[in-house]
Amino acid sequence: MRSTGFRRTFVALSVCSLALAASACGSGDDGTASGKTRITVNCEPPKSAKVDRGFFEQDVAAFEKQNPDIDVVAHDAFPCQDPKTFDAKLAGGQMEDVFYTYFTDARHVVDIKQAADLTPYIKELKSYGTIQKQLRDIYTVDGKIYGIPRTGYSMGLIYNRKLFEKAGLDPDQPPTTWEEVRADAKKIAALGGGTVGYADYSAQNQGGWHFTAELYSQGGDVVSADGRKATVDTAEGRAVLQNLHDMRWTDDSMGSKQLLVINDVQQMMGSGKLGMYLSAPDNIPILVKEKGGNYKDLALAPMPGGKGTLIGGDGYMFNKHDTPAQIRAGLKWLDHMFLTPGTGFIGDYARAKKADAPVGLPEPRLFTGAADAKDQQVKKANANVPVENYQAFLDGNHSLQLKIEPPNAQQIYSVLDGTVSAVLTKKDADIDQLLKEASGKIDSILARG
């Protein structure tokens, strides 16, 4: 799943229709025009997102001025990668030369032989060695490099400091175990007035997504290491569901309304009626700008449980039809736009601050070493949010195993949605039977590939 609002969210209707000829939208030519190397790229912010669109256009123009032999043609998209059309665009030869992917799709694109091998050119990407190895590895298959990470996120626990104080809890000491989450949620719910201690998703595949995150936090896995068998019918899986059941039915700390999705929970938190829920840092500006929240009241802690957390993110891959010149041009473009600390579309924190965009949110660090130090220095110098509210998250993440989503994630999440929703809507739900049934369904999904 995407983490909604991740970094600055880019949404727009694609200017490319599947009905258009390949040469109009993807890699239908040799990438040369008027003596220039031409590359098409996607995930340009829409015109309706005026600030981000302006930043993107400024950065492309600056890149073309520095590289007069390269012509960048940007396409917007809604979303940056639409699962409903993604495979069709690839198969039809209509994908851009440099195209956006979620981490979970990297292996799939390679398996269906639609990605260019970047390995012979990677030395030309100046920033590559500064990127976190675990993120680089997501786009490395059988020793070959097929993509470049651009951003990442990890799940944590957003909580309302004001409600913690009202409930007699220390907002500077957020819960670190699921037992503490349960105890704190019960105290917050006891405030009354419609206040909910802890909320979770259980519809539209989002329940399965959060079950996965919670299973990781317990030290469990959704599928086996070889990707062939389900591993949800375990002590860790039962612990996840039993905790949700007990908070919902024994403590009454999750409220009576269930089958919630992300917008429901964000509304609750923004209105000051929710104590805690799982999310990535990108939810915080949404809670403030769209849901009525206040930065000073919102804090972020690491995933409870202390064993693991779900990570996600995105990057760019290259069309298998790209010429060597297009690959080289695309790598230069990525370096300029996204991978130079303190500058570019994502890293120009001074520019973002002037535009009143949030600076200082605790996104997982993309870079290492000196590059990371520079990125953090510039971010800190331009921070306009209460960074102290996120220190627990940053400190706690160091000890967690960072794990990406399982293969066939959306299909698996659909199965687990039913498991989670049953526990939250039926007091007498049979947890063992639910996990057994889910395990069988996931095995069938994995067997189909």
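Everything numeric here is computed off the predicted structure, so don't read it as measured data. (Residues numbered from 1 in each chain as written. Predicted model: local features only at pLDDT ≥ 70, side-chain atom pairs only at ≥ 80, totals over all residues. Heavy atoms only, no water.)

### Let's talk about the packing of aromatic side chains
Okay, so step 1: Tallying each qualifying case throughout the model produces 13 aromatic pairs.
Okay, so step 2: The interplanar angle of 90 degrees and the centroid separation of 5.5 Å between the aromatic rings of W333 and F338 together place this pair among those described as edge-to-face.
Okay, so step 3: We classify F338 as buried; its relative accessible area is 4%.
Okay, so step 4: Of the aromatic side chains, those joined through ring pairs into one cluster are F56, Y100, Y102, Y316, W333, F338 and F345.
Okay, so step 5: A cation over a ring is seen here: R136 above Y128, with NZ or CZ 5.1 Å from the ring centre.
Okay, so step 6: The aromatic ring of W249 is capped on one face by R248, whose charged end is 3.9 Å from the ring centroid. (Phe/Tyr/Trp six-rings, centres within 6.5 Å; stacked < 30°, edge-to-face > 60°. Buried < 20%, exposed > 50% of the residue type's maximum accessible area, 1.4 Å probe, protein only. Lys NZ or Arg CZ within 6 Å of the ring centre and 35° of its normal.)

### Digging into the pattern of salt bridges
Okay, so step 1: Summed over all chains, the structure comprises 21 salt bridges.
Okay, so step 2: In this structure, the salt-bridge partner of E44 is R53, at a minimum N-O distance of 3.5 Å.
Okay, so step 3: When its relative accessible area of 7% is taken as the criterion, E44 is described as buried.
Okay, so step 4: Classification of R53 by relative accessible area gives buried; the value is 12%.
Okay, so step 5: Of the charged contacts, one joins D372 and R365 as a salt bridge, the two residues approaching to 3.3 Å between their closest N and O atoms.
Okay, so step 6: Under the relative-accessibility criterion, D372 is labelled buried at 12%.
Okay, so step 7: What emerges from the salt-bridge pattern is a single network uniting E44, R53, E57 and D76. (Salt bridge = Lys/Arg side-chain N within 4 Å of Asp/Glu carboxyl O.)

In short, the description is geometric, and any link to function would need to be established separately.
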